[in-house]
Every structure is written in C-alpha cells, then in structure tokens.
Amino acid sequence: MNAREVAGAAARRLEAAGLEDARFEAEVLVREAAGISRAAYFAGAVLDGEARRRLEGWLARRERREPLAYITGWREFFGRRFAVGRGVLVPRPETELLVEAGLDAVRADPGAVLLDVGTGSGAVAVSVAAEAPEVTVVATEISEEALRFAGLNAAAHAPHVGLVHCDLATAVRRADVVLANLPYIPSGEIEALEPEVSAWEPRIALDGGNDGLELIRELVRDCAERLRPRLVALEVGYGQADAVAEVGRGFGAEVSTMRDLAGIDRVVCLRWA
Ligand SMILES: C[S@@+](CC[C@H](N)C(=O)[O-])C[C@H]1O[C@@H](n2cnc3c(N)ncnc32)[C@H](O)[C@@H]1O
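(A) Highlighting the site of the ligand. The immediate surroundings of the ligand are formed by 17 residues, with G118, E141, D167, L168 and N181 found nearest. Contact between the ligand and D167: a nitrogen atom at 2.7 Å from a side-chain N or O atom of the residue. N181 is positioned such that a nitrogen or oxygen atom in its side chain is 2.8 Å from an oxygen atom of the ligand. In isolation the ligand exposes 590 Å². Once the protein is present, 96% of that is buried. With respect to the pocket detection grid, the ligand is positioned in the largest pocket. Taken together, the residues that form the shell around the ligand break down as nine nonpolar, six polar and two charged.

(B) A look at the domain arrangement of the protein. Its domain assignment divides the protein into domain 1 (3–64) and domain 2 (86–271). If you average the C-alpha positions of domain 1 and of domain 2, the two centres end up 34 Å apart.

(C) Examining the environment of H165 more closely. Assignment of secondary structure puts H165 in strand 5 (residues 162–165). Taking the C-alpha atoms as reference points, H165 and P195, 30 residues apart in sequence, are found 29 Å from one another. A polar side-chain atom of H165 sits 2.9 Å from the main-chain carbonyl oxygen of I142.

(D) Representation of the sheet that holds strand 5 within the structure. The sheet built from seven strands is open, its strands ordered 5-4-3-6-7-9-8 with mixed pairing. Of all strands in the sheet, those bounded by a partner on one side alone are strand 5 and strand 8 (254–259). Strand-to-strand, the axes of this sheet are offset by a mean angle of 20°, without reference to chain direction. Direction of pairing for strand 8 relative to strand 9 (residues 265–271): antiparallel, over a ladder of six bridges. If you follow E254 over to strand 9, its bridge partner there is R271. Packing of helix 7 (residues 123–131) onto the sheet brings it into contact with strand 3 (113–117), strand 4 (136–141) and strand 6 (177–180), and relative to strand 4 it is tilted by some 170°.

(E) Molecular detail of the pairing of strand 4. Here strand 4 lies mainly inside the structure; five of its six residues are buried. Relative to strand 4, strand 3 is paired through five bridges, and the arrangement is parallel. Looking across to strand 4, one finds that L115 is bridged to V138. The parallel pair strand 3 and strand 4 is bridged by helix 7, and the resulting crossover is right-handed. The pairing of strand 4 with strand 5 spans four bridges and is classified as parallel. Following the sheet pairing, T140 is matched in strand 5 by V164. Taken together, strand 4, helix 8 (residues 144–157) and strand 5 form a β-α-β motif whose crossover is right-handed.

(F) Seen up close, the layout of surface pockets. In this model, the largest pocket occupies a volume close to 940 Å³. Around the largest pocket sit 47 residues that line it, and L89, N181, L182, P183 and A205 are the ones nearest its centre. Residue assignment for the lining of the largest pocket shows that the elements contributing at least two residues are strand 3, helix 7 and strand 4. Taken together, the elements giving at least two residues each to the lining of the second largest pocket come down to helix 2 (22–34), helix 5 (68–72), strand 1 (74–77) and helix 9 (195–198). Per-element accounting of the lining of the second largest pocket gives the leading share, five residues, to helix 2. Residues of the lining of the second largest pocket, tallied by class, amount to nine nonpolar, two polar and 14 charged. Three or more residues apiece are contributed to the lining of the second largest pocket by two domains, here domain 1 (3–64) and domain 2 (86–271).

Quick notes on the rules
Residues numbered from 1 in each chain as written. Predicted model: local features only at pLDDT ≥ 70, side-chain atom pairs only at ≥ 80, totals over all residues. Heavy atoms only, no water. Near = heavy atom within 4 Å. Polar contact = N/O pair within 3.5 Å; in protein donor to acceptor, adjacent residues only side chain to side chain. Areas by Shrake-Rupley, 256 points an atom, 1.4 Å probe, with all protein chains shown as cover. 1 Å grid on protein atoms, 1.4 Å probe; cavity = no way out; pocket = protein on both sides within 12 Å on 5 of 7 lines; lining within 4 Å. Sits in = over half its atoms within 2 Å of the grid points. Nonpolar A, V, L, I, M, F, W, Y, C, P; charged D, E, K, R; others polar. Domains from an automatic or database assignment. Helix = DSSP H or I, 4+ residues; strand = E, 2+ residues; numbered from the N terminus. Pairing = 2+ DSSP bridges. Axes fitted to C-alpha atoms, helices over the stretch in contact; angles between N-to-C directions. Contact = heavy atoms within 4.5 Å. Buried < 20%, exposed > 50% of the residue type's maximum accessible area, 1.4 Å probe, protein only. Right-handed = clockwise from strand over helix to strand, strands pointing away. Points joined across faces, edges and corners; volume = space filled by probe spheres on them.

Given below as structure tokens:
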C-alpha cells in the first residue's frame, strides 16, 4: 500500500474514534511517521516497516484522544515550529493575536521590555523575540515542565529570551508591555471540554478558578499597582471580555479589544498613559 492508501485506512480508524478531522489527521500522521513531504505523499511514496510500526503506535495514541501535536511533537505558531508534549499547553491559533498586539506596541519603541506571563511553550514570547530581535523579551512560567519546552523553543528560534521560573510576574522588576494568555477556564467547566484538553493538557494551564478570572485579576492588580507597564494585553475566553475590561477600568486603564477570526472578543488591551 502506498502512503495515501495507508492514510485512507488510518482515517477510518480515527473516524471510528470520533475525530472530526480524521482524514486530515491521518495524512499528517502518515507523512510524519514516514518522514515524507506532501509532494512525496501524493506521488505515491511507500511506507517501510519501521514507518508502519511507528504509525501503528501513533494511531493507537490518537484513538485514546491524545492531542495530535503531542504525538508529532510540534505545532506551528506564527510561522514557526514549537516543540510540545505532555506537560505543556498546545499553542492555539487565536493566541497569535497577542503576538500582534505585542509587536504593534514595541515596534515604535525598540528599547521596551516586553513580558509574557505564563509562557507555556514560549509561543508568544519567542515569536515576538524572533520577529523583533532588538526588543528585550522576558517570559515567566510556574510549571517546570512547561519551562523545559519554552527553553527548547527559545533555543531554536530566539535564544535571547529571558526565561524566569516564578508565580505570575512576581520576580520581574520592569516591564513596559505585558502579554498574557493565563488559564481562564472556570474550574467547573474543565471536565466538559473535549478529551484532548480535559484529559491530556495540564490542569495548571487551564484552570482559572471559580469564574476563570482569578489569575487575570491578580496580574492586572500587580501591573497597575507595581509594574506599571503602558500596555497589558490579555487573552480571554468566550464571554469574558466585558468582565476583564471592568477589572482594567477599576484600575484606571483605557480599554480596547481585539477579535479573533470567529468574531469573538479574544484579547483585552489595558492601557495607562
Ligand atoms: C493557557 S496556558 C498558555 C501558554 C502559552 N502562553 C500559550 O499561549 O500557548 C497558561 C500558562 O500559564 C502557566 N501558569 C499558570 N499559573 C501560573 C502562575 N501563577 N504563574 C505563572 N504561570 C502560570 C501555565 O503553566 C501555562 O503554561
């Protein structure tokens, strides 16, 4: 069987496991297992025994709803490959908005210090640092496992990012621009999420407390009272933007929002003069 025929059979298995994008995922797994390009895949490349065995293991993992990116070991974000695996959140496309907000804020001010709080794989901090190498970029993270991935990704794309192991921004003394995709899912809603998230991604990357906003409130307070950046850009969940805007206004910030491709208010920007 050639790669496309193998992918057809793999897609049927993934469909039976309840995956919506079974055909696409089967193609990705086959190409990654065989180490072949899309062109070779369509040209009828044949999988050797080792690639077939690797694929079999990967299909069994995906049938158990392990995230595709944990299996392949990477996810693309802002045009670069980020290493991911158990212990770190897989970066999502909507989070690229935070990178855009950060780049807009620092391009006019190359002497700025930009801070990414709860960096996970390093996706946001490393992307900003790779796009704007003249800017000082610092990233914090509470999870040592996540920090290990951030270290790998910084080494690959932007080795000058400063990685700090701490709670929120507590170990940071200066930041002009703060970006954060903190956990924002209400604790009681996590179990109802798709198994790729609820059963596999780290709880510490998801759980935002009772209403989902506990860490966001704490960070805004610390920024307003101590760090005093000119911008804090926060990713939020569906329906949370108004509440986060209120938190910001309570600390005297001017508020604007950025919408994602689905039209959802996804990033709340708090500005102080
Ligand atoms: C939603 S994930 C986002 C990861 C990454 N920024 C991204 O966008 O892909 C939230 C991250 O915040 C980290 N985190 C949770 N609580 C934290 C805290 N108190 N201080 C610092 N980081 C924290 C988690 O470990 C996780 O990596």
